[in-house]
Amino acid sequence: MNLDLFDDAAPQPARSESIGPRSVVLRGYALPAADALLQSLDEVIRQSPFRRMETPGGHLMSVALSNCGRLGWTTDRDGYRYTPVDPLSDQPWPGMPPAFAALGREAAAAAGFAGFEPDACLLNRYEPGARMSLHQDRNERDFSAPIVSVSLGMPAMFLFGGLARSDPAARVPLFHGDVVVWGGADRLRFHGVLPLKDRPHPRLGSLRLNLTLRKAG
Ligand code: SIN
Ligand code: FE2
C-alpha cells in the first residue's frame, strides 16, 4: 500500500493528520476531556481492574487490559472474543461512561464517520517495555463502524500498516490527548505499538493508557 496517495481524502479540520484514505490522527483532540476521561477511568477500574490476559497461544500479554460498555474484549486459551461479563468478577463490565461515549461520537464525526455509537471500550495500560504486536481489530460483528483510539499519558510509537500483515507499517508518534480514527476501507488495517520507552508523563508518570472505542455488537 502506498501511504503517499491521499489525494482523494476528505478535507480535515486543523490539527488533523491523514494517515490513510479513511484514517486520521486528531492531534490533542481529547485534551479538553482528559480530566473527565481519567476520572471515569478510575471508577471503571475500581470495578474491573486492569489485568494481564493470556493469548490463545499461551503468551501473557505485556499490556494490561480492562473494559467498559455493554461488551468487553477478552482473550484466554480459548480465543479472542467479546463478552457481556467480566471473567474476573462474573459481573457485567462497568457501564460506558458518558464522557467516553461523547468523545467517541464526536471524534468519529470529526473524522467523517457520523452516527458512531460505541458499545464497547477496551482499556489498555502500558508500562515501560509493554508493546502491542501487529493485529487487526476483527472480533466485532460488523466492520461498518470505525475504531476510535484515544492516547493518554506517555508517548508511544503507533504502527499503522496495511490490509495484509506483510504490508509496510508507518510509524506514527502518539501523545497525550491524541485520537486516531480509522474506518471504511481502512477498517481492517493492521496496527500495533512499539515497546514503550520510559518517558514519564507529568500527570500519569510512567504509564500510557489507551481507550479503544468500538461498536462490537
Ligand atoms: C490496540 O490496538 O488495542 C491498542 C492501540 C494503542 O494502544 O494505541
Ligand atoms: Fe487494535
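Residues numbered from 1 in each chain as written. Chains lettered and ligands numbered in written order. Predicted model: local features only at pLDDT ≥ 70, side-chain atom pairs only at ≥ 80, totals over all residues. Heavy atoms only, no water.

A. Inspection of the coordination of the iron ion (ligand 2) at higher detail. The iron ion (ligand 2) binds to the protein through His 135 (NE2), Asp 137 (OD) and His 191 (NE2); the donor distances cover 2.1 to 2.3 Å. Note that the iron ion (ligand 2) binds four donor atoms; their angles at the metal cover 88 to 176°, and the shape is irregular. Read in sequence order, the donor residues for the iron ion (ligand 2) give the motif H-x1-D-x53-H. Residue Asp 137 is found in the loop between strand E10 (132-135) and strand E11 (147-153), and its partner His 191 is found in strand E15 (residues 191-193); the two are separated by 54 residues along the sequence. Judged by relative accessible area, Asp 137 falls into the buried class, the value being 4%. Since its relative accessible area comes to 5%, His 191 is described here as buried. (Donors = N, O, S within 2.8 Å, 3.2 Å for Na, K, Ca; no water. Tetrahedral: all angles 85-135°; square planar, octahedral: opposite > 155°, others 65-115°. Helix = DSSP H or I, 4+ residues; strand = E, 2+ residues; numbered from the N terminus. Buried < 20%, exposed > 50% of the residue type's maximum accessible area, 1.4 Å probe, protein only.)

B. Quick peek at the environment of Ala 170. Inspection of the secondary structure assignment puts Ala 170 in strand E13 (residues 170-174). Taking C-alpha positions, Ala 170 is 21 Å from Leu 211, a pair spaced 41 residues apart along the chain.

C. Expanded view of the pairing of strand E5 (residues 72-76). Among the five residues of E5, four are classified as buried, and the element is accordingly described as predominantly covered. As defined by bridge partners, E5 adjoins strand E6 (residues 79-83) across five bridges and the pair is classed as antiparallel. Following the sheet pairing, Thr 74 is matched in E6 by Arg 81. Between E5 and E6, which pair antiparallel in sequence order, lie two residues. (Pairing = 2+ DSSP bridges.)

D. Representation of the side chain of Arg 187 in the model. If you trace the backbone, Arg 187 turns up in the loop between strand E14 (179-182) and E15. Those residues in contact with Arg 187, other than ones at most four positions away along the chain, are Asp 137, Glu 140, Phe 143, Ala 145, Pro 146, Ile 147 and Trp 182. (Contact = heavy atoms within 4.5 Å.)

E. Fine view of the site of ligand 1. Lining the immediate surroundings of ligand 1 are Leu 122, Asn 124, Tyr 126, Met 132, His 135, Ser 149, His 191, Val 193, Arg 208 and Asn 210. In this structure, Asn 124 approaches ligand 1 through a side-chain N or O atom, which is 3.3 Å from an oxygen atom. With respect to ligand 1, the side chain of Tyr 126 contributes an N or O atom lying 2.5 Å from an oxygen atom. For ligand 1, whose unbound accessible area comes to 260 Å², protein coverage reaches 98%. (Near = heavy atom within 4 Å. Polar contact = N/O pair within 3.5 Å; in protein donor to acceptor, adjacent residues only side chain to side chain. Areas by Shrake-Rupley, 256 points an atom, 1.4 Å probe, with all protein chains shown as cover.)

F. Here's a closer look at the pattern of salt bridges. The full count for this structure, using the stated rule, is 14 salt bridges. Arg 81 is the salt-bridge partner of Asp 76, the closest N and O atoms lying 2.8 Å from each other. Owing to a relative accessible area of 31%, Arg 81 belongs among the partly exposed residues under this scheme. In this structure, Arg 214 engages Glu 140 in a salt bridge whose closest nitrogen and oxygen atoms are separated by 3.7 Å. Pair noted here: Arg 214 is in strand E16 (residues 208-214) and Glu 140 is in the loop between E10 and E11, with a separation of 74 residues, a long-range link. Per residue, the accessibility class of Arg 214 equals that of Glu 140, and both read buried. Put simply, Asp 137, Glu 140, Arg 187 and Arg 214 are held in one network by salt bridges that share partners. (Salt bridge = Lys/Arg side-chain N within 4 Å of Asp/Glu carboxyl O.)

G. Here's a closer look at helix H1 (residues 34-47). With 14 residues, H1 extends 20 Å from end C-alpha to end C-alpha; this agrees with the ideal 20 Å at 1.5 Å per step. Along H1, the residues that are buried comprise Ala 34, Leu 37, Leu 38, Ser 40, Leu 41, Val 44 and Ile 45. Viewed end-on, H1 has its buried residues packed into an arc of 165°, placing them on one side of the element. In this structure, H1 carries Asp 35, Gln 39, Arg 46 and Gln 47 as exposed residues pointing more than 90 degrees from its buried face. Elements that come into contact with the buried residues of H1 comprise strand E4 (60-69), helix H2 (98-110), strand E9 (120-126), E11 and E16. (Expected span 1.5 Å × (residues − 1). Arc of directions from axis to C-beta.)

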